[in-house]
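Summary of structural features
Chain by chain, the residues run as shown.
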Amino acid sequence: MRVCAGVVCCVQARPFSPPKNCNASPPPAPLARAESSSSLSSTASLSAANTPTVGTSRGPSPVSLGSQDSLPIAVAFTESVNAYFKGADPSKCIVKITGDMTVSFPSGIIKIFTNNPSPAVLSFRLKNTSKLEQVLPNQQLLFSDPSQSDSNSKDFWLNMQALTAYLRKMSEQNPAVSYYNVDILKYQVSSSGIQSTPLNLAVYWKCSPSTTDVRVDYRYNPEALPSRASLSSIQVLVPVDGGVTSMQSLPAALWNAEQNKALWKMSDVSEKSENEGMLNAVMSLNVSSGIAGANERVERVRLCYIFFL
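Note that the coordinates shown come from a computational prediction; the quantities given were computed from them, not determined experimentally.

What counts and what doesn't
Residues numbered from 1 in each chain as written. Predicted model: local features only at pLDDT ≥ 70, side-chain atom pairs only at ≥ 80, totals over all residues. Heavy atoms only, no water. Helix = DSSP H or I, 4+ residues; strand = E, 2+ residues; numbered from the N terminus. Buried < 20%, exposed > 50% of the residue type's maximum accessible area, 1.4 Å probe, protein only. Contact = heavy atoms within 4.5 Å. Areas by Shrake-Rupley, 256 points an atom, 1.4 Å probe, with all protein chains shown as cover. Core = buried A, V, L, I, M, F, W, Y, C linked by side-chain atoms within 4.5 Å. Pairing = 2+ DSSP bridges. Axes fitted to C-alpha atoms, helices over the stretch in contact; angles between N-to-C directions. Polar contact = N/O pair within 3.5 Å; in protein donor to acceptor, adjacent residues only side chain to side chain.

When you go through the protein chain residue by residue, the secondary structure sums to two helices and 16 strands. A buried classification covers 40% of the 309 residues belonging to the protein chain. Considering only intrachain contacts with a sequence separation of at least 6, the fraction spanning at least 24 residues in the protein chain is 75%. Split by element, the accessible area of the protein chain, about 16,800 Å² in all, is 49% carbon and sulfur.

Below, the structure is given as structure tokens:
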């Protein structure tokens, strides 16, 4: 699920002097994300001697820049809400919200960085950091000022030499791609239990030697989303052990016999739609194959997974 929690970025030119002692770890592998939520541009002008003429194409991702043009960079924020619900007790809900910031560079920009011995340093500011429990920057590519006094924002700037080397290495490994995605930082958002979950769940199980009855109640929680956005591509996955031979469900669900899982695919949920409901399924078990005898205690996995965007 994508939930952008009030993060604002801006890119600007600034003097850059990397620290002499920096314990760098290898940058994480790039993510294959295509969506972008905002654009970044640098206000720095490139020197005329190192700036190609307007209209020059640089391979699969053409970048045409004049001396005052902005750099075509895209930023994607992806946040995930992971919640553990135990029965119908909201006080036992455990929530962890994590986020990733990815910057996408067109392949043509590598030549600009390489030809310019002192490229403009890209920097950004992360706002509303008082809502974050921790921020984990890519230490090889990012620098920050730990003595910054503002507790609600944090400034970062990129190590342009390391970034250029990293992009060049990626282009050598994948010369045909148009864009390169670079993981810049990860963070964890402070949560307030079940109030932080966009979709509240309660799961009920009734098991006997020959049947399993499962019910999933759900309710849309717009307060957990800053823009009260709708939830789409909702999938509810329920694994059931014990040798299921048939299933009756409402609304209709799909049963995967190889994985022993029931799957509901739901329509979008929002304030404008039916924002609460119930999923119910009764599974008949094979009691003649020895998997679950009538007088034996049947162990079934009582789990429920839900995925949405």
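Moving on to the nonpolar core. Within the largest apolar cluster, 62 residues are counted, with the highest numbers of intra-cluster contacts made by Phe105, Leu167 and Ile184. Apart from the residues within four sequence positions on either side, isoleucine 184 is in contact with Met101, Val103, Phe124, Pro137, Asn138, Leu142 and Leu158.

Spatially, the four strands line up as an open sheet ordered S9-S10-S15-S12, and their pairing is antiparallel. The open sheet is flanked by strand S9 (199-207) and strand S12 (244-250), the only strands paired with a single partner. When strand polarity is set aside, the average angle formed by the axes of neighbouring strands in this sheet is 15°. For strand S10 (residues 211-220) and strand S15 (residues 276-285), the ladder comprises nine bridges, and the chain directions are antiparallel. By the bridge assignment for S15, valine 214 is matched with alanine 281.

Spatially, three strands are ordered S4-S7-S6 in an open sheet, and the strand pairing comes out antiparallel. Every interior strand has two partners, whereas the edge strands, strand S4 (123-127) and strand S6 (142-144), have only one. Along the sheet, successive strands turn relative to each other by an average axial angle of 30°, direction set aside. The pairing of S4 with strand S7 (residues 153-158) spans five bridges and is antiparallel. Note that in S7 the partner of serine 123 across the bridge is tryptophan 157.

Moving on: the side chain of serine 153. By the element assignment, serine 153 lies in strand S7. Judged by relative accessible area, serine 153 falls into the buried class, the value being 7%. Apart from residues no more than four positions distant in its own chain, serine 153 is found in contact with Arg125, Leu126, Lys127, Thr129 and Gln148.

Within a regular strand, side chains alternate between the sheet's two faces. Counting buried positions over the six residues of S7 gives five, a clear majority of the element. Across three bridges, S6 lies against S7 in antiparallel orientation. Note on S7: the bridge partner recorded for serine 144 is phenylalanine 156.

Another point: the environment of serine 171. Along the polypeptide, serine 171 turns up in helix H2 (residues 160-173). Classification of serine 171 by relative accessible area gives buried; the value is 18%. Residues serine 171 and serine 107 lie 64 residues apart in sequence; the distance between their C-alpha atoms is 7.2 Å. Once residues lying within four places of it in the same chain are set aside, the contact partners of serine 171 are Ile110 and Tyr180. Within polar-contact distance, the side chain of serine 171 engages the backbone oxygen of arginine 168 at 2.7 Å.

Spatial relationships are all this shows, so hold off on functional conclusions.
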